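Inside the fold
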Amino acid sequence: MCQDVELKGDITIGPGTIVHPKASIFAIAGPIIIGSNNIIEESAVLVNRRREPMRIGDDNLIEIGARVECPSIGDRNTIHTKARVHHTVRLGNFCVIGIRCLVAPAEDETMEDYTVIHGLDAERARWSGRGKVQEADLRRKHIEYLREMLPKFNRQRRGDTS
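Bear in mind that the values here come from a model prediction, so they are computed numbers and not experimental data. (Residues numbered from 1 in each chain as written. Predicted model: local features only at pLDDT ≥ 70, side-chain atom pairs only at ≥ 80, totals over all residues. Heavy atoms only, no water.)

On to the nonpolar core. Residues Ile40, Ile79 and Ile97 are the most contacted members of the largest nonpolar core, which totals 29 residues. Elements represented by at least two residues in this core include exactly strand S4 (24–27), strand S5 (32–34), strand S8 (54–56) and strand S14 (89–91). Beyond its immediate sequence surroundings of up to four residues, isoleucine 97 is in contact with Thr78, Ile79, His80, Ala83, Val85, Leu91, Val103, Met111 and Ile117. Residues Ile39, Leu61, Ile143 and Leu146 belong to the second largest nonpolar core, which totals six residues. (Core = buried A, V, L, I, M, F, W, Y, C linked by side-chain atoms within 4.5 Å. Buried < 20%, exposed > 50% of the residue type's maximum accessible area, 1.4 Å probe, protein only. Helix = DSSP H or I, 4+ residues; strand = E, 2+ residues; numbered from the N terminus. Contact = heavy atoms within 4.5 Å.)

It is worth spelling out the sheet that holds strand S10 (residues 67–68) at this point. One open sheet holds the six strands; their spatial order is S1-S4-S7-S10-S13-S16, and the pairing between them is parallel. Looking at the sheet topology across the chains shown, the edges are occupied by strand S1 (6–8) and strand S16 (102–103). Pairing analysis gives four bridges linking S4 to strand S7 (residues 45–48), with the strands arranged parallel. Pairing of phenylalanine 26 across the sheet is with valine 47, part of S7. (Pairing = 2+ DSSP bridges.)

Let us now look at the pairing of S4. Side-chain positions along a regular strand alternate between the two faces of the sheet. Alternating residues of S4 divide into Ser24 and Phe26 and Ile25 and Ala27, and every residue in both groups is buried. Where S1 and S4 come together, three bridges link them in parallel fashion. Bridge assignment links glutamate 6 to a residue of S4, and that residue is serine 24.

Attention now moves to the pattern of salt bridges. Under the criterion given, the structure shown has 11 salt bridges. Measuring nitrogen to oxygen at the nearest pair gives 3.4 Å for the salt bridge that ties glutamate 6 to lysine 8. Among the residues examined, glutamate 6 registers a relative accessible area of 36% and is labelled partly exposed. On the accessibility criterion, lysine 8 (46% relative accessible area) is partly exposed. (Salt bridge = Lys/Arg side-chain N within 4 Å of Asp/Glu carboxyl O.)

Looking at the secondary structure, you find threonine 78 in strand S12 (residues 78–79). The residues contacting threonine 78, other than those within four sequence positions of it, are Leu61, Glu63, Cys95, Val96, Ile97, Glu135 and Arg139.

Quick look at the packing of aromatic side chains now. Considering all chains together, one arrives at three aromatic pairs under this definition. Ring centres of phenylalanine 94 and tryptophan 127 lie 6.1 Å apart, and the angle between their planes is 55 degrees; this geometry places the pair in the tilted category. Of this pair, phenylalanine 94 sits in the loop between S14 and strand S15 (96–97) while tryptophan 127 sits in the loop between strand S19 (123–126) and helix H1 (132–153); the two residues are 33 residues apart in sequence, bridging distant segments of the chain. With relative accessibility at 16%, the residue phenylalanine 94 sits in the buried group. Ring plane angle 55 degrees and centroid distance 5.6 Å describe the contact between tyrosine 114 and tryptophan 127, whose orientation is recorded as tilted. With tyrosine 114 in the loop between strand S17 (109–111) and strand S18 (115–118) and tryptophan 127 in the loop between S19 and H1, this residue pair connects regions lying 13 residues apart in the sequence. Given the relative accessible area of 17%, tyrosine 114 is considered buried. (Phe/Tyr/Trp six-rings, centres within 6.5 Å; stacked < 30°, edge-to-face > 60°.)

As far as function goes, none of this settles anything; it's purely spatial.
This is the structure we're talking about:
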């Protein structure tokens, strides 16, 4: 993990997770538990305003400038650049939140696996799952590349190997 990451509160980060410089993770009311092999990119903000733990599964990608406040994220989700996910949402597995999409339902909602949110009006669609093996391979290569390159150009926190 890079030195320029802003961490506040009770945060647990699983093995293999990459946290880019300038990312912010704030456990304000309750803890944040991040699984393994996630990628949290620059300027991404994760906030837990609830007392219950915020749980982020494995193999998720949270892109540049995304803001995530949802209490539960499953596995293998993608939250694209500058997307916002409100604290009333719980993501299943293999969900995709498109670029600049705002997902903020008035009442608590759990998104089914393979839900895709896209477009200016945050329209919903369902992904067939086709290509998920190739996507998993690509994400694994992405993590390997970041493990090699980030330490070359950014100071790492002491005692941190990811």
